[in-house]
Amino acid sequence: VDRNHDLVRNVVFMGMGEPLNNYDNVVAACKGLVDCRRWNLRHERVTVSTVGVTPKIQKFTEDMPELALALSLHAPNQSARSAIVPAAKAYPIEGLIDALDNHMMSGFGNKKTSNTSNIVGGYSEEQRKSASKRKRAMIEYVMLEGETSSFECAHQLGKLCENRRLIVNLIPYNQTDVKDKLRCPPREHIEKFQDIVRSYGSFCYIRKTMGADIAGACGQLVVEKEQNSSSRPVADDIEDIGRSGKGDNEKGGKTSNKVARKSESSSLADELSRKGSETDCGGCSAEIEAW
């Protein structure tokens with residue numbers, strides 16, 4: 001098959017099943033993507049996202065230490081996270097952050113310097129700066145009206161990530177027609193939340209939302225009822241995931257592209273494709289769904 005590999009700059013494993021629970025296949029795919037004889041992607045351009053399976057994160061650090069890792073956190077304390085993320089009950093949040101941090105710092109040893117005031121988790125600020133230039137460890141945090149988007153939680157999130165040089169991505173919730181009427185906080189509130197997290201020395205960005213005007217943003221492509229005979233045909237769910245270059249984000253955040261799987265509506269897929277071509281997304285990203 002004739003492929004133009006240069007068009008693919010970033011690959012993210014995310015959604016439609018926990019990637020680390022499909023561990024062997026995901027790792028095999030990752031190895032193929034960074035193999036210079038095959039896709040030849042830079043290691044930091046391949047990201048695996050996880051809901052937080054601590055033992056698998058630790059194993060992934062042993063097997064693929066140079067790849068980027070993202071943790072879907074969504075709440076800064078154990079009780080709040082357990083209420084919205086079922087898997088959280090099995091894995092304490094402190095252990096998850098330590099596992100993510102260890103992945104970020106893998107290869108730098110656990111050497112303390114004489115200046116103990118500059119040490120966080122056993123690593124100096126100089127070590128952390130060097131590690132952050134080589135790869136990224138990220139936290140995904142969806143912004144929902146309620147407790148988890150409170151300014152108190154912003155302080156908790158900032159404290160959790162304090163001086164670790166982790167990247168926190170705030171993801172505005174995209175409204176959907178579901179039983180639970182969830183909503184996104186106002187933009188001004190999200191920006192204040194961001195400022196609080198940043199005050200603890202963390203990199204914190206607001207993800208740019210694309211596709212909401214055609215109900216094609218992340219989480220929005222759910223089965224819809226036809227309103228009249230001219231309504232658009234029903235479509236399957238679509239996962240929205242991607243990552244692109246630094247210049248394509250709101251305040252430095254990352255960009256998401258729409259990558260569609262099978263759909264009953266070719267016209268909807270065409271519309272999404274056109275929409276993507278009209279948006280400056282900074283190059284192509286690819287999705288690999290880990291079933």
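Let me sum up the structure you'll find in this document. Treat the numbers as computed from the prediction; the structure is a model and nothing was measured.

Quick notes on the rules
- Residues numbered from 1 in each chain as written.
- Predicted model: local features only at pLDDT ≥ 70, side-chain atom pairs only at ≥ 80, totals over all residues.
- Heavy atoms only, no water.
- Phe/Tyr/Trp six-rings, centres within 6.5 Å; stacked < 30°, edge-to-face > 60°.
- Helix = DSSP H or I, 4+ residues; strand = E, 2+ residues; numbered from the N terminus.
- Buried < 20%, exposed > 50% of the residue type's maximum accessible area, 1.4 Å probe, protein only.
- Core = buried A, V, L, I, M, F, W, Y, C linked by side-chain atoms within 4.5 Å.
- Contact = heavy atoms within 4.5 Å.
- Pairing = 2+ DSSP bridges.
- Right-handed = clockwise from strand over helix to strand, strands pointing away.
- Salt bridge = Lys/Arg side-chain N within 4 Å of Asp/Glu carboxyl O.
- Lys, Arg positive; Asp, Glu negative; His and termini not counted.
- Polar contact = N/O pair within 3.5 Å; in protein donor to acceptor, adjacent residues only side chain to side chain.
- Axes fitted to C-alpha atoms, helices over the stretch in contact; angles between N-to-C directions.
- Left-handed = near helix turned anticlockwise from the far one by under 90°.
- Nonpolar A, V, L, I, M, F, W, Y, C, P; charged D, E, K, R; others polar.

## Some thoughts on the packing of aromatic side chains
Applying the stated criterion across every chain, the model contains one aromatic pair. Residues Tyr 141 and Phe 193 carry aromatic rings whose centres are separated by 5.6 Å and whose planes lie at 40° to one another, so their mutual orientation is tilted. Linking Tyr 141 in strand S6 (residues 137–143) with Phe 193 in helix H7 (residues 187–198), this pair joins segments that are 52 residues apart in sequence. According to the relative accessible area criterion, Phe 193 is buried, its value standing at 0%.

## Topic: unusual backbone geometry
The phi dihedral of His 74 is positive, around 70°, even though this residue is not glycine. With respect to the helices and strands, His 74 occurs in the loop between strand S3 (68–72) and helix H3 (78–84). Of note, the phi angle at Asn 163 is positive, near 60°, even though the residue is not glycine. Within the secondary structure, Asn 163 is located in the loop between helix H6 (151–160) and strand S7 (167–172).

## A look at the nonpolar core
Judged by nonpolar contacts, the single largest core of 48 residues is most densely connected at Phe 60 and Leu 170. Take this core: its biggest share by element is seven residues, from helix H4 (residues 93–105). Leave out the neighbours within four places in its chain, and Leu 170 touches Tyr 141, Met 143, Ile 190, Phe 193, Gln 194, Cys 204, Tyr 205, Ile 206 and Arg 207. Formed by five residues, the second largest nonpolar core is a distinct cluster that contains Ala 70, Met 138, Ile 167 and Tyr 205.

## A short note on the pairing of S3
Successive residues of a regular strand alternate their side chains across the two faces of the sheet. With five of five residues buried, S3 is to be regarded as a mostly interior element. Across four bridges, the pairing between strand S2 (residues 46–50) and S3 is parallel. Across the sheet, Ser 49 pairs through a bridge with Ala 70, a residue of S3. A crossover connection joins S2 to the parallel S3 through helix H2 (residues 54–63); in handedness this β-α-β unit is right-handed. Pairing geometry for S3 and S6, over four bridges, is parallel. Pairing of Leu 69 across the sheet is with Ala 137, part of S6.

## Structural notes on the pattern of salt bridges
With the rule as written, the count across this model stands at ten salt bridges. Taking the shortest distance from any N to any O, the salt bridge between Arg 164 and Asp 101 comes out at 2.9 Å. Taken together, the positions of Arg 164 in the loop between H6 and S7 and Asp 101 in helix H4 put the pair 63 residues apart, joining distant regions of the chain. Residues Arg 164 and Asp 101 agree in their burial class; the two are buried. Notably, a salt bridge pairs Arg 207 with Glu 140, separated by 3.2 Å at the nearest N-O pair. Taken together, the residues span a long stretch of sequence, with Arg 207 in the loop between strand S8 (203–206) and helix H8 (266–278) and Glu 140 in strand S6 at a distance of 67 residues. Judged on exposure class, the residue Arg 207 and its partner Glu 140 are both buried. Beyond isolated ion pairs, a larger network of salt bridges with shared partners links Asp 98, Asp 101, Arg 128 and Arg 164.

## Looking at the environment of Ser 124
Here Ser 124 shows up in strand S5 (residues 123–124). Counting along the chain gives 39 residues from Ser 124 to Asn 163, while the straight-line C-alpha distance between them is 9.9 Å.

## Considering the side chain of Arg 81
Here Arg 81 shows up in helix H3. Despite its burial, Arg 81 pairs with no opposite charge, the nearest such side chain being Glu 18 at 8.1 Å. Within polar-contact distance, the side chain of Arg 81 engages the backbone oxygen of Val 51 at 2.4 Å. When neighbours within four sequence positions are excluded, Arg 81 is seen to be in contact with Val 51, Leu 71, Ser 72, Leu 73, Ala 75, Ala 88, Ile 93 and Leu 96.

## Side note on the environment of Ala 137
With respect to the helices and strands, Ala 137 occurs in strand S6. Along the backbone, Ala 137 and Thr 47 are 90 residues apart, and their C-alpha atoms lie at a distance of 9.0 Å. Those residues within four positions of Ala 137 in sequence are excluded, and the remaining contacts are Leu 69, Leu 100, Met 104, Leu 166 and Ile 167.

## A few points about the packing of H6 against H7
Contact geometry of H6 with H7 gives a least axis separation of 8 Å together with a crossing angle of 30°. When you trace H6 past H7, the crossing you get is right-handed. Facing H6, whose interface residues are Phe 151, Cys 153, Ala 154, His 155, Leu 157 and Gly 158, H7 presents His 189, Lys 192, Phe 193, Ile 196 and Val 197. Its residues placed into classes, the contact of H6 with H7 shows seven nonpolar, three polar and one charged.

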